[in-house]
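# Understanding the architecture of this molecule
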Amino acid sequence: MAALPVLVLLFFAAAWGGPAAAGQKRKEMVLSEKVNQLMEWASKRSVIRMNGDKFRRLVKAPPRNYSVIVMFTALQPHRQCVVCKQADEEYQILANSWRYSSAFTNKIFFAMVDFDEGSDVFQMLNMNSAPTFINFPAKGKPKRGDTYELQVRGFAAEQLARWVADRTDVNIRVIRPPNYAGPLMLGLLLAVIGGLVYLRGSNLDFLYNKTVWALAALCFVLAMTSGQMWNHIRGPPYAHKNPHTGQVSYIHGSSQAQFVAETHIVFLLNAGVTLGMILLHEASTSDMDVGKRKIMCIAGIGLVVLSFSWLLSVFRSKYHGYPYRYVFL
């Protein structure tokens, strides 16, 4: 009789432990199948293209012990998404850098959902813009930081790699394919300079021309002050098109970011102010007749007033609440 309670306990342990163990084993088998499938696809292509079924099965549905970085995009030509193509190039560079380096692991995968192949996924996530990058973590649902701030950080592969490292602890060293445009342009420039020196070997006064060097220095300063280095480092989009209204914005509404078009606009406005100041200086120091000097003076004042006023209006649109304005706008 004393052994009866022990037998009852063993019976209930087997009754409850059996289904639980079977369920755990089934979960492990499903997870193993998922990882093996993803590894097989990743070995063939760094960025895995997904439709609605693949996304729901491999990204949304548990179990999952891996993170998935997904780019939601619209690459078909009839979508006319220029930014999507530019972002896709950088995303491919990032994924290839991960695939062919020591950072390659089955704890993270890179995927893509194109709108024309997975519109149901866009509807499921209430997503109405592209490109968008989201990290689906190994545990739980994506949080606020798991959505990449494209408008602020740009889509350069290096910036994406930093974001991936922050969200997944997987550090990827971006390796870009060789670009021969720089060396070719340098070689062409050296060839042109060498040709000029050869043709004008007896007269090298043009190398001491102050105007040429001043213009070269001015162009460099205007390019740097307008934000060309930001574009090179961050890789921002050229402009932004509102998916709801279709309105195109060339000036970013935040002081922490800018568009490529905005850089060109600021470049031209700075150049207008500079040209106006040069005209004013020439009008006051040149030996031309009074009529021409008056025209130069009026043109210089007009350029300075208009260009600086527009430049200040751009500043006001980015620094909201700035109380000052110049003449108009």
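Residues numbered from 1 in each chain as written. Predicted model: local features only at pLDDT ≥ 70, side-chain atom pairs only at ≥ 80, totals over all residues. Heavy atoms only, no water.

### Description of a nonpolar patch on the surface
Convention followed: For patch detection, residues must exceed 30% relative accessible area and be free of salt bridges, and they are connected within 9 Å for like charges or within 5 Å for nonpolar side chains (Val, Leu, Ile, Met, Phe, Trp, Tyr). Working definition of accessibility: Shrake-Rupley area with a 1.4 Å probe, residue cover restricted to the visible protein chains. Any Lys or Arg side-chain nitrogen found within 4 Å of a carboxyl oxygen on Asp or Glu counts as a salt bridge. Numbering of helices and strands starts at the N terminus; helices are DSSP runs of H or I of at least 4 residues and strands are runs of E of at least 2.
On the surface, Phe220, Val221, Met224, Met229 and Ile233 cluster together into a nonpolar patch covering about 470 Å² of accessible area. Looking at the nonpolar patch, the elements with two or more residues in it are α8 (210–226) and α9 (228–234). Here the element with the most residues in the nonpolar patch is α8; it accounts for 3 residues. The topology assignment puts Val221 in helix α8.

### What about the packing of helix α3 (residues 82–99) against helix α6 (residues 157–168)?
As a reminder, the rule being used: A fitted line through C-alpha atoms represents every axis, and for helices the fit uses only the stretch in contact; the resulting angles, taken between N-to-C directions, go from 0 to 180 degrees. Should an angle fall under 35 degrees it is taken as roughly parallel, and over 145 as roughly antiparallel, whereas 65 to 115 is taken as roughly perpendicular and any remaining angle as oblique. Crossing handedness follows the turn of the near helix against the far one: under a right angle anticlockwise gives a left-handed crossing, and clockwise gives a right-handed one. Any pair of residues with heavy atoms lying within 4.5 Å of one another is described as a contacting pair. Here the nonpolar group is Ala, Val, Leu, Ile, Met, Phe, Trp, Tyr, Cys and Pro; Asp, Glu, Lys and Arg are the charged ones; every other residue, Gly included, is treated as polar.
Look at α3 against α6: their axes get within 9 Å of each other, and the N-to-C directions meet at 55 degrees. It follows from the interaxial angle that α3 and α6 lie oblique. Classified by chirality, the crossing of α6 by α3 is right-handed. Along the contact surface, α3 presents Glu90, Tyr91, Ile93 and Leu94, while α6 presents Ala157, Leu160, Ala161 and Val164. Residue composition of the contact of α3 with α6, by class: 7 nonpolar, no polar and 1 charged.

### Considering the packing of aromatic side chains
Put simply, the rule is: Any two rings among Phe, Tyr and Trp, with Trp reduced to its six-membered ring, count as a pair given centres within 6.5 Å; such a pair is stacked if its planes are under 30 degrees apart, edge-to-face if over 60, and tilted if neither. Accessibility here uses a 1.4 Å probe with only protein chains present; expressed as a share of the type maximum, an area under 20% marks a residue as buried, one over 50% as exposed, and anything in between as partly exposed. Here, a charge over a ring is recorded when the distance from Lys NZ or Arg CZ to the ring centre is within 6 Å and its angle to the ring normal is within 35 degrees.
Summed over all chains, the structure comprises 13 aromatic pairs. Ring centres of Tyr66 and Phe109 lie 5.6 Å apart, and the angle between their planes is 85 degrees; this geometry places the pair in the edge-to-face category. Highlighted residues: Tyr66 in the loop between α2 (52–60) and β2 (67–73) and Phe109 in strand β3 (residues 108–114), separated in sequence by 43 residues. Using a relative accessible area of 1% as the deciding quantity, one classes Phe109 as buried. Ring centres 6.4 Å apart and planes at 65 degrees place the aromatic pair Phe72 and Phe136 in the edge-to-face group. One end of the pair, Phe72, is in strand β2; the other, Phe136, is in strand β4 (residues 132–136), and 64 residues separate them in sequence. Pairwise contacts between aromatic rings join Tyr66, Tyr91, Trp98, Phe104, Phe109, Phe110, Phe133, Tyr148 and Trp163 into one cluster. Note that Arg99 overlies the ring of Tyr100, its terminal NZ or CZ placed 5.2 Å from the centroid.

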